Amino acid sequence: MAEKKKLFIGIDLNQERAMVTLYHEGIAEMETVSTIPGQNHYQIPLAVFCTGQGNYFYGDEAVKRRNRADGTYFDDLYAQSEDPEHVPHRNMLVQFLRRLLKFRERFADWENMDSYLAVAVPEITDEIVALFRFVREELEFLPERFQLMDYTESFFAYVYHQDPGIRLHDVALFDFRNDRIVCATIHSDGYGKIKRVSSDKKEWTVPDYLLAQDEGKDEFFANVVRETFAKKIISGVYLIGDGFDGAWMQESLRVIGPNKRVFKGKNSYTMGACYAGYRNVVTDGWQYYYDAAYKLQGELSLKAMRRGEPCFLRLTQLGENWFTPTETFYFLYDGDPVIETRIRVRRQMSAKIESFTLDYLPECPPGSIRLGVQAVPVSGNRVVLRVWDDGFGELYESTGKVWEFPLEL
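Residues numbered from 1 in each chain as written. Predicted model: local features only at pLDDT ≥ 70, side-chain atom pairs only at ≥ 80, totals over all residues. Heavy atoms only, no water.

**Some thoughts on the environment of Asp70**
Here comes step 1: When you line up the elements, Asp70 lands in the loop between helix 1 (60–64) and strand 7 (71–74).
Here comes step 2: Judged by relative accessible area, Asp70 falls into the partly exposed class, the value being 33%.
Here comes step 3: Along the backbone, Asp70 and Cys50 are 20 residues apart, and their C-alpha atoms lie at a distance of 8.6 Å.
Here comes step 4: A polar side-chain atom of Asp70 sits 2.7 Å from a polar atom in the side chain of Arg68. (Helix = DSSP H or I, 4+ residues; strand = E, 2+ residues; numbered from the N terminus. Buried < 20%, exposed > 50% of the residue type's maximum accessible area, 1.4 Å probe, protein only. Polar contact = N/O pair within 3.5 Å; in protein donor to acceptor, adjacent residues only side chain to side chain.)

Structure follows, in structure tokens:
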């Protein structure tokens, strides 16, 4: 049977709106969905209007109906959904995202493809992780077909699929929305076969009295650029967000300088999410990984015997999101209650060996107890090694015993 095509969906989601990008290997390039044919109208307001008859309206159509008395208007879905007590908003967020997924139906054979969903959000918090675990399950995406990232990681994925000349040195992203300017500077350490890319991040609040003054706003942003570029070599600059609308940048462009590649747009995050989803599956020739606080900072392995030979079985992967579900493994107990682990941390030459004892195991012949093992990350640098007595079919019933060993990466 021929392998199914893969359909990648990248969604940029924040408190105000969403954008969607689609790609599969049968089309020439990624497509960011415009809700108005023939125009670059990518932004979809994060709103749902539900009538008393059970009809739903989304985005701009929901906003048009927000003051009507024949239904309920839901906005602020993203922020409200972070609280698990806000069940109606969580359900409406799922309903909204389910509606966005219908954009894949523009491909005639989409039902014969395997869909992969990648979502980019402004930042990753414990509340956001819990929310999107719920969302993934409600949308019925398998863990290996779902990816969550912050804006800076999606920007990294976008930039590293563009002309390499843009990233000869550091690349600066300026995101200007409402009264906030957020800057992320991404850079590669340039070492090794697989190169680590990381970022520096900073933000500024623009005073209200300057927002309506083009000259004052221009000078404020020019100073932001000066501060960002100090002691850095920048080869590429991206300007994202509604704050850059208009022709007010005069001094700012002068400070940015003529020797840098400068781009202005609004769909970099959604395209970056789509690229990241693609690279999470298709890694051929891909030489980069993005490092962040929500990435695992080390690799945990367990010593075992395979076909009579000692080996170390990898339980976690360096650079994976800590909230990505990890695999469960099963072993036959050989009579030795001591288990041995190996921890390799990025940029450390030697591995650390730690041993633990499984106490109160039942007296059974070697090979007659099956042990379940899983590494459960709780942050980027902390993992709990979980081991449990799984019994051995009808021969030996499980005692229900569970051992948990915390480890630092």
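Okay, back to it.
**Quick word on the sheet that holds strand 23 (residues 402–408)**
Here comes step 1: Spatial strand order, 18-21-22-23: four strands in an open sheet with antiparallel pairing. Two strands lie at the open edges of the sheet, namely strand 18 (329–332) and strand 23, each paired on one side alone. Direction aside, neighbouring strands of the sheet carry axes that sit 25° apart on average.
Here comes step 2: Bridge count between strand 22 (residues 382–389) and strand 23: seven bridges; the pairing is antiparallel. Each residue of the ladder has a partner; that of Val384, found in strand 23, is Pro406. (Pairing = 2+ DSSP bridges. Axes fitted to C-alpha atoms, helices over the stretch in contact; angles between N-to-C directions.)

**As for the pairing of strand 19 (residues 338–345)**
Here comes step 1: Pairing geometry for strand 16 (residues 298–306) and strand 19, over five bridges, is antiparallel. Paired with Glu299 across the strands is Arg344, a residue of strand 19.
Here comes step 2: Judged from the six bridges that link them, strand 19 and strand 20 (residues 352–357) form a sheet pairing that is antiparallel. Within the sheet, the bridge partner assigned to Ile339 lies in strand 20 and is Phe356.
Here comes step 3: The antiparallel pairing of strand 19 with strand 20 creates a hairpin that spans six residues between the two strands, and Arg347 there sits at a positive phi of about 70°.

**Here's the deal with the nonpolar core**
Here comes step 1: By size, the foremost hydrophobic cluster in this structure holds 103 residues, and its most contacted members are Leu13 and Phe132.
Here comes step 2: For Leu13, the residues in contact, after removing those within four places along its chain, are Ala18, Leu46, Tyr78, Leu93, Leu97, Val119, Ala120, Val121, Pro122, Phe132 and Tyr151.
Here comes step 3: Counting residues in hydrophobic clusters, the runner-up holds 21 residues, among them Leu210, Val225, Ile234 and Phe244. (Core = buried A, V, L, I, M, F, W, Y, C linked by side-chain atoms within 4.5 Å. Contact = heavy atoms within 4.5 Å.)

**With respect to the sheet that holds strand 20**
Here comes step 1: Pairing is antiparallel across the open sheet formed by four strands, whose spatial order is 17-16-19-20. Because the sheet does not close on itself, it has two edges, and the strands there are strand 17 (309–314) and strand 20. Across the sheet, the mean angle separating the axes of adjacent strands is 30° when strand polarity is ignored.

**Some words on helix 5 (residues 151–159)**
Here comes step 1: With nine of nine residues buried, helix 5 lies mostly within the body of the structure.
Here comes step 2: Every buried residue belonging to helix 5 is among Tyr151, Thr152, Glu153, Ser154, Phe155, Phe156, Ala157, Tyr158 and Val159, and all of these are buried.

**Notes on the packing of aromatic side chains**
Here comes step 1: Across all of its chains, the model carries 25 aromatic pairs by this definition.
Here comes step 2: Ring centres of Phe221 and Phe244 lie 5.1 Å apart, and the angle between their planes is 70°; this geometry places the pair in the edge-to-face category. With Phe221 in helix 7 (residues 214–229) and Phe244 in the loop between strand 13 (234–240) and helix 8 (251–256), this pair connects stretches of sequence that are 23 residues apart. No difference in accessibility class separates Phe221 from Phe244, as the two residues are buried.
Here comes step 3: Members of the aromatic cluster, each reached through a chain of ring pairs, are Phe174, Phe176, Phe221, Phe229, Phe244 and Trp248.
Here comes step 4: Lying over the aromatic face of Phe57, Arg65 brings its terminal NZ or CZ to 3.8 Å of the ring centre.
Here comes step 5: Above the plane of the ring of Phe103 lies Arg99, whose end atom (NZ or CZ) is 5.5 Å from the centre. (Phe/Tyr/Trp six-rings, centres within 6.5 Å; stacked < 30°, edge-to-face > 60°. Lys NZ or Arg CZ within 6 Å of the ring centre and 35° of its normal.)

**Thoughts on the pattern of salt bridges**
Note on pairing: side chains with opposite charge can pair once their charged atoms come close.
Here comes step 1: Considering all chains together, one arrives at 24 salt bridges under this definition.
Here comes step 2: Asp390 serves as the salt-bridge partner of Arg370, at 2.6 Å between the closest nitrogen and oxygen. Placement of the pair is Arg370 in strand 21 (residues 370–379) and Asp390 in the loop between strand 22 and strand 23, with a sequence separation of 20 residues.
Here comes step 3: Under the relative-accessibility criterion, Asp390 is labelled partly exposed at 27%.
Here comes step 4: The partner of Glu404 in a salt bridge is Arg386, with the nearest N and O atoms 3.4 Å apart. In this pair, Glu404 sits in strand 23 while Arg386 sits in strand 22, placing the two residues 18 residues apart along the sequence.
Here comes step 5: Sharing partners across several salt bridges, the network here consists of Glu219, Arg226, Glu251 and Arg254. (Salt bridge = Lys/Arg side-chain N within 4 Å of Asp/Glu carboxyl O.)

**Some remarks on helix 3 (residues 87–101)**
Here comes step 1: The end-to-end C-alpha distance of helix 3, which contains 15 residues, comes to 21 Å, matching closely the 21 Å that a straight helix rising 1.5 Å per residue would cover.
Here comes step 2: Of all the residues in helix 3, the buried ones are Arg90, Met92, Leu93, Val94, Phe96, Leu97, Leu100 and Leu101. (Expected span 1.5 Å × (residues − 1).)

**Digging into the packing of helix 3 against helix 4 (residues 126–139)**
When two helices pack together, you describe them by how their axes are tilted relative to each other and by the distance separating the axes.
Here comes step 1: Two elements in contact, helix 3 and helix 4, have axes whose closest approach is 10 Å; the angle formed by their N-to-C orientations is 55°. Relative to helix 4, helix 3 is oriented oblique. Remark: the crossing between helix 3 and helix 4 carries right-handed chirality. For the pair formed by helix 3 and helix 4, the contact residues are Arg90, Asn91, Leu93, Val94, Leu97, Arg98 and Leu101 on the first element and Ala130, Leu131, Phe134, Val135, Glu138 and Leu139 on the second.
Here comes step 2: Residues that form the contact of helix 3 with helix 4 fall into these classes: nine nonpolar, one polar and three charged. (Parallel < 35°, antiparallel > 145°, perpendicular 65-115°, else oblique. Left-handed = near helix turned anticlockwise from the far one by under 90°. Nonpolar A, V, L, I, M, F, W, Y, C, P; charged D, E, K, R; others polar.)

**Brief notes about the pairing of strand 13**
Regular strands place side chains that alternate from one sheet face to the opposite one.
Here comes step 1: Burial of strand 13 is extensive: seven of the seven residues sit out of reach of the surface.
Here comes step 2: When strand 10 (residues 170–177) meets strand 13, the two strands line up parallel, connected through six bridges. Each residue of the ladder has a partner; that of Asp170, found in strand 13, is Ile234.
Here comes step 3: In this structure, strand 13 lies alongside strand 14 (residues 261–265), joined through five bridges in parallel fashion. Looking at strand 14, one finds that Gly236 is bridged to Arg261.
Here comes step 4: Note on the crossover from strand 13 through helix 8 to strand 14: the handedness is right-handed. (Right-handed = clockwise from strand over helix to strand, strands pointing away.)

Spatial relationships are all this shows, so hold off on functional conclusions.
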